[in-house]
Amino acid sequence: MPFNDEKQCVGEDHPSDSDSSRFSESMASLSDYECSRQSFTSDSSSKSSSPVSTSPPRVVTFDEVMTAARNLSNMTLAHEIAVNENFELKQDAVPENSLAGQVKHIVHQAFWDVLESELNADPPEYEHAIKLFEEIREILLSFLTPGGNRLHNQICEVLDTDLIRQQAEHSAVDIPGLANYVISIMGKLCAPVRDDDIRELKATGNIVEMLRQIFHVLDLMKMDMVNFTIKSIRPHLQRQLVEYERTKFQEILEETPSALDQTTEWIKESVNEELLSLSESALTPGAENSSKPSLSPTVVLNNSYLKLLKWDYQKKDLPETLVTDGARLQELTEKLNQLKIIACLSLITKNMVGAVTEGFPELTNRLKRISAVLLEGMNKQTFNLKEALNSIGVQTCVEVNKTLTERGLPTLNAEVQANLIGQFSSIQEEDNSIWSLIDKRIQLYMKSLLCLPSSQKCMPPVQGGLTIIQQELEALGCQYANIVNLNKQVYGPFYANILRKLLFIEEAVGKVNASSPTN
């Protein structure tokens, strides 16, 4: 499945649906510039997905905006459930030292104090306790499957509030007995992870505290049930995700016609860059100028995806079609930047002291771990990269000298150590040659991932200088390729329509310029 982070899933196809072939068909027609003009003007995707419209803008009402927001929220949640195997809901924890936490504690404590005073009264008052058991009954019944009729009837009979109220009028109600019955039912219905909680409930001596803890464990069981349901529907969501997300986005687009503006600009930027690259190639001496070069829609779109690896997620909004994967892409980019630095440091170390450390693979691995630890959290604004690089340089010299001493070899002199630390610190400088080299090779590696045919399951080879991070790079590349491939499946028709408009405009402008008379 494309939702796992396994290496072999890079080239696998995503679940098919009735419209899954539209993107490949549209892209194929766009990439062939010998096709008829009709293939450029035909609308293979939904009508409303066009980024260019000749109709006048209409007024969007508040209700329409809210509907679009709800659609986006639902789509984001479904996407997260389907692609994130670790997704689960958790209870909102209010900090105890906060005002809200203190108010909550006071109110809850007041309720349980009243309950305790009522049960200890002479004669006891049971009204609050009866209401609690009524609520407990409804919660227990909500846990039952449709086929649990016998247990359903038993719970309703034992926790019959009318009967309990009659017993209370004659001082014959057994509150501890009812609480123990509830605990026994909870033990049958709860997940194994709650077994310890059930045992603690049984060992509770105070009846008010027991009831209090019963509600606490019931809240945990509610979350267990919700997360179990999420886990159960995940395979279905994965199968239906492409069609579901596309339909939901179409609804958003109908409510908000400008919902593809940033996506259009994102793709247009790659179109302009590719045109500039082709123009420069055409002007190169010796280049073939007999035919006008044409843009490849696939190359344009892949280059757009590559931009995400250098995206400024703090200052720049993502294209609308990638919002659901924004957090994953940001985390992926941050990890990639860390890997780039580690590869740079390793290459510098190898170039400077490789002759004296050759044959010590354990040293290389130790230096890699040290670098990873000291670069942890480098995406935070408070992180000082210069200091971290300097510390890594100092620690590298210490580790190298330690290894050389253990083997009876002369240690690095002061000049070599200072030079090594200085080169480490210079990585952050603009136009650093080592950084540029590693960055270019990583970009080529990621680009090769996007070009892999669907039938190919193996990872592409890594270039020199990247071996030290090969394992991490392959895992990260697999995640990146899965995000891109799924995104293409879902939003392919929208991208094809945008590309058709942009490329057709460029083709038309090129022909007009070619037919213009020259003076």
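Per-chain numbering applies: the sequence of each chain, read as written, is numbered from 1 onward. Local features in a predicted model are, by the rule used here, given only for residues with pLDDT of at least 70; side-chain atom pairs are given and counted only at 80 or more, and totals for whole chains, interfaces and linings are based on all residues. Only hydrogens and water are set aside when side-chain values are computed; all heavy atoms of the structure are taken into account.

The name recorded for the protein chain in an unreviewed UniProt entry is T-complex 11 like 2, from Marmota marmota marmota. UniProt positions are given in the numbering used here, feature names are shortened, and annotations may be inferred rather than shown by experiment. UniProt lists a comment for the protein chain under the heading Sequence similarities (unreviewed entry), and it reads "Belongs to the TCP11 family."

(A) Layout of the overall build of the protein chain. Counting from the N terminus, the helices are the DSSP runs of H or I reaching at least four residues and the strands are the DSSP runs of E reaching at least two. Looking only at helices and strands, the protein chain features 18 helices and zero strands. Each of the 519 residues in the protein chain was classed as buried or not, and the buried ones make up 42%. All accessibility values rest on the Shrake-Rupley procedure with a 1.4 Å probe; residue burial counts only the protein chains present in the view. Total accessible area computed for the protein chain in this model is approximately 28,500 Å², and 52% of it derives from carbon and sulfur atoms. Exposure is judged per residue with a 1.4 Å probe applied to protein chains only, and the accessible area is read against the type maximum: over 50% gives exposed, under 20% gives buried, and values in between give partly exposed.

(B) Looking closely at helix α8 (residues 175-189). Multiplying 1.5 Å by the helix residue count minus one yields the expected span of that helix. Here α8 contains 15 residues, and its C-alpha end-to-end distance of 21 Å stays within 8% of the 21 Å for a straight helix at 1.5 Å per residue. Where α8 is concerned, the buried positions are Ile175, Leu178, Ala179, Tyr181, Val182, Ile183, Ile185 and Met186. Here a polar contact means two N or O atoms within 3.5 Å. Within protein one must be a hydrogen donor candidate and the other an acceptor candidate, and residues neighboring in sequence count only if both atoms are side-chain atoms. The N-capping residue of α8, defined by a side-chain oxygen 3.1 Å from the backbone nitrogen of Gly177, is Asp174.

(C) A look at unusual backbone geometry. The phi dihedral of Ser171 falls on the positive side, at around 55 degrees, and the residue is not glycine. Inspection of the secondary structure assignment puts Ser171 in the loop between α7 (161-169) and α8.

(D) View of the packing of helix α13 (residues 326-357) against helix α17 (residues 433-450). All axes are obtained by fitting lines to C-alpha atoms, using only the stretch in contact for helices, and the reported angles, taken between N-to-C directions, cover 0 to 180 degrees. Where α13 contacts α17, the two axes come as close as 9 Å, and the packing angle between them is 125 degrees. What the angle tells us is that α13 and α17 run oblique. Crossing of α13 against α17: the hand is right-handed. Of the residues in α17, those touching α13 at Leu336, Asn337, Lys340, Ile341, Ala343, Cys344, Leu347 and Ile348 are Ile434, Trp435, Leu437, Ile438, Asp439, Ile442 and Met446. Split by residue class, the contact of α13 with α17 holds twelve nonpolar, one polar and two charged. Under this scheme an angle from 65 to 115 degrees is roughly perpendicular, one under 35 degrees roughly parallel, and one over 145 degrees roughly antiparallel; angles in between are oblique. Two helices crossing with the near one rotated counterclockwise from the far one by less than a right angle form a left-handed crossing, whereas a clockwise rotation gives a right-handed crossing. In what follows, residue pairs with any heavy atoms lying within 4.5 Å of each other are defined as contacts. Residue type decides the class: Asp, Glu, Lys and Arg count as charged, Ala, Val, Leu, Ile, Met, Phe, Trp, Tyr, Cys and Pro as nonpolar, and the leftover types, Gly among them, as polar.

(E) Highlighting the pattern of salt bridges. Any Lys or Arg side-chain nitrogen found within 4 Å of a carboxyl oxygen on Asp or Glu counts as a salt bridge. The final tally for this structure, using the stated rule, is 17 salt bridges. Between Glu251 and Lys248 there is a salt bridge whose closest N-O contact spans 3.7 Å. Of this pair, Glu251 and Lys248 are both found in helix α10 (residues 207-255), three residues apart, which corresponds to roughly one turn of the helix. Here Glu251 falls in the partly exposed class, since its relative accessible area comes to 29%. For Lys248, a relative accessible area of 15% puts it in the buried group. Taken together, the shared-partner salt bridges in this structure form one network comprising Arg194, Asp197 and Asp224.

(F) Region of interest: the side chain of Thr349. Mapped onto the elements, Thr349 comes out in helix α13. Reaching out from Thr349, the side chain makes a polar contact with the backbone oxygen of Leu345 at a distance of 2.8 Å. Non-local contacts of Thr349, meaning those with residues more than four positions away in its chain, are made with Gly354, Leu367, Thr396, Leu420 and Phe424.

(G) Local environment of the environment of Lys350. Secondary-structure assignment places Lys350 in helix α13. Using a relative accessible area of 62% as the deciding quantity, one classes Lys350 as exposed. With 115 residues separating them along the chain, Lys350 and Gly465 place their C-alpha atoms 9.5 Å apart.

(H) Just the nonpolar core, in detail. Nonpolar cores are built from buried Ala, Val, Leu, Ile, Met, Phe, Trp, Tyr and Cys residues. Side-chain atoms within 4.5 Å join them into one set. Formed by 70 residues in total, the largest nonpolar core has its most connected members in Ile267, Tyr305, Leu308, Met446 and Tyr480. Secondary-structure elements contributing two or more residues to this core are α10, α11 (261-283), α12 (297-307), α13, α15 (385-406), α16 (414-425), α17 and α18 (470-515). Ranked by residue count, the leading element in this core is α18, at 14 residues. Here Tyr480 is in contact with Tyr305, Leu306, Leu309, Leu332, Met446 and Leu450, once residues within four sequence places are set aside. Listed in part, the 39 residues of the second largest apolar core include Leu119, Ala129, Ile175 and Val217.

(I) Just the confidence of the model for the protein chain, in detail. Confidence in the prediction of the protein chain, expressed as mean pLDDT, is 78, and 76% of residues score 70 or more. Contacts for the low-pLDDT stretch residues 1-60, under 50 throughout, to residues beyond four places or in other chains number 125 contacts. For residues 508-519, every residue scores under 50 in pLDDT, and the model assigns this stretch two contacts once sequence neighbours within four places are set aside. Values of pLDDT, which run from 0 to 100, indicate the predictor's confidence residue by residue.

(J) Representation of the packing of aromatic side chains in the model. Put simply, two rings from Phe, Tyr or Trp (the six-membered ring, in Trp's case) pair if the centres are within 6.5 Å, and we call them stacked under 30 degrees between planes, edge-to-face over 60, tilted for the rest. Taken as a whole, this structure holds eight aromatic pairs when the rule is applied. Taking the centre distance of 6.4 Å and the plane angle of 50 degrees together, the rings of Tyr491 and Tyr495 count as tilted. Of the two residues, Tyr491 and Tyr495 both sit in helix α18, four residues apart, roughly one turn of that helix. Take Tyr491: its relative accessible area is 1%, and that puts it in the buried class. Of the aromatic side chains, those joined through ring pairs into one cluster are Phe249, Trp266, Tyr305, Tyr491, Phe494 and Tyr495. When the NZ atom of lysine or the CZ atom of arginine is within 6 Å of a ring's centre and also within 35 degrees of its normal, the charge is said to sit over that ring. For Arg407, the ring lying beneath its charged end belongs to Phe360, and the centroid distance is 4.3 Å.

(K) Seen up close, a nonpolar patch on the surface. Together, Leu99, Val103 and Val107 make up a nonpolar patch on the protein surface, roughly 300 Å² of accessible area in all. Structurally, Leu99 is set in helix α4 (residues 99-120). Take Leu99: its relative accessible area is 66%, and that puts it in the exposed class. Residues enter patches when their relative accessible area tops 30% and they take part in no salt bridge; the joining distance is 9 Å for like charges and 5 Å for the nonpolar side chains Val, Leu, Ile, Met, Phe, Trp and Tyr.

(L) Broad picture of the environment of Asn419. Residue position: Asn419 is located in helix α16. With a relative accessible area of 40%, Asn419 lands in the partly exposed category.

(M) Representation of the packing of α13 against helix α14 (residues 361-374) within the structure. At a minimum axis separation of 10 Å, α13 and α14 run at an interaxial angle of 145 degrees. Remark: the crossing between α13 and α14 carries right-handed chirality. Of the residues in α14, those in contact with Gln338, Ile342, Leu345, Thr349 and Thr357 of α13 are Leu363, Leu367, Lys368, Ser371 and Ala372. Grouping the amino acids of the contact of α13 with α14 by side-chain chemistry returns five nonpolar, four polar and one charged.

(N) Main features of the environment of Gln428. Relative to the elements of secondary structure, Gln428 occurs in the loop between α16 and α17. A relative accessible area of 38% places Gln428 in the partly exposed class. A C-alpha to C-alpha distance of 7.6 Å links Gln428 and Leu385, two positions 43 residues apart in sequence. When sequence neighbours within four positions are dropped, the list of residues in contact with Gln428 reads Leu385, Lys386 and Leu389.

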